[in-house]
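Close look at the chain arrangement
Chain residues, written in single-letter form:
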Amino acid sequence: MSEQSKDGSQRPGDERRESPRVPMRIRVRRENTSLAFDSREGNISLGGFAWFGAALSVGQKVEARFTLPGSAEELQVRGEVLHVGHGSRGSSAHVRFLDLPVETEMLIARYLDDLELAESKEGGGS
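Predicted, not measured: the structure shown is a model, and the values here were computed from it.

Per-residue confidence for the protein chain gives a mean pLDDT of 84; residues scoring 70 or more make up 83%. Within the protein chain, the element-level pLDDT minimum falls on helix α1 (residues 102–123), averaging 89, and the maximum on strand β4 (residues 61–67), averaging 97. Across residues 1–17, where pLDDT falls below 50, the model places 13 contacts with residues more than four positions away in sequence or in other chains.

Here it is, written out as structure tokens:
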């Protein structure tokens, strides 16, 4: 999250997020239900994830599953809806991870780092 000065304005140079968001297909459902997971287009970052389509209410706890490209392992995570938006793609829910296991956080971080490294190599003309 970005830091704000006492007058509420953004401090120069502060990033809004600690990591980029990358597109990802996410299967999501309300926590502690036996409902089937609903597959949605969305994105992930180190701090959480978002999806487009049917959104839940702020504060709702969710379970999600996704597979990082290049991996056969499906990751299972928990989160809490922080924001529900409405834009050109319809409704969206923005979620922060809850109780993310260190191993899962490291897998996500490594994936995001690898993407950034690959993009910097492509953009650097090497």
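Further notes follow.
Turning our attention to the pairing of strand β5 (residues 74–87). In this sheet, β5 lies alongside β4 in antiparallel orientation, the contact comprising seven bridges. Bridge pairing in β5 links Lys61 to Glu80. If you look at the hairpin formed by β4 and β5, you'll find six residues sitting between the two strands, and Gly70 has a positive phi there, around 85 degrees. Two strands pair when backbone bridges link them, and β5 and strand β6 (residues 90–98) are joined in this way by nine bridges, in the antiparallel orientation. Looking at β6, one finds that Gly79 is bridged to Phe97. Between the end of β5 and the start of β6, which pair antiparallel, lie two residues.

The subject of this paragraph is the packing of aromatic side chains. For the structure on display, the rule yields two aromatic pairs. With centroids separated by 6.2 Å and ring planes inclined at 25 degrees, the aromatic side chains of Phe49 and Trp51 adopt a geometry described as stacked. Considered together, Phe49 and Trp51 belong to a single accessibility category, that of buried residues. Plain terms: the ring middles of Phe49 and Phe97 are 5.6 Å apart, the flat faces sit at 45 degrees to each other, and that makes the pair tilted. Of this pair, Phe49 sits in strand β3 (residues 48–52) while Phe97 sits in strand β6, and the two are 48 residues apart along the sequence. Given the relative accessible area of 11%, Phe97 is considered buried. Each residue in the set Phe49, Trp51 and Phe97 is aromatic and connected to the rest through ring pairs, giving one cluster.

About the criteria used
Residues numbered from 1 in each chain as written. Predicted model: local features only at pLDDT ≥ 70, side-chain atom pairs only at ≥ 80, totals over all residues. Heavy atoms only, no water. pLDDT = per-residue confidence, 0-100. Helix = DSSP H or I, 4+ residues; strand = E, 2+ residues; numbered from the N terminus. Contact = heavy atoms within 4.5 Å. Pairing = 2+ DSSP bridges. Phe/Tyr/Trp six-rings, centres within 6.5 Å; stacked < 30°, edge-to-face > 60°. Buried < 20%, exposed > 50% of the residue type's maximum accessible area, 1.4 Å probe, protein only.

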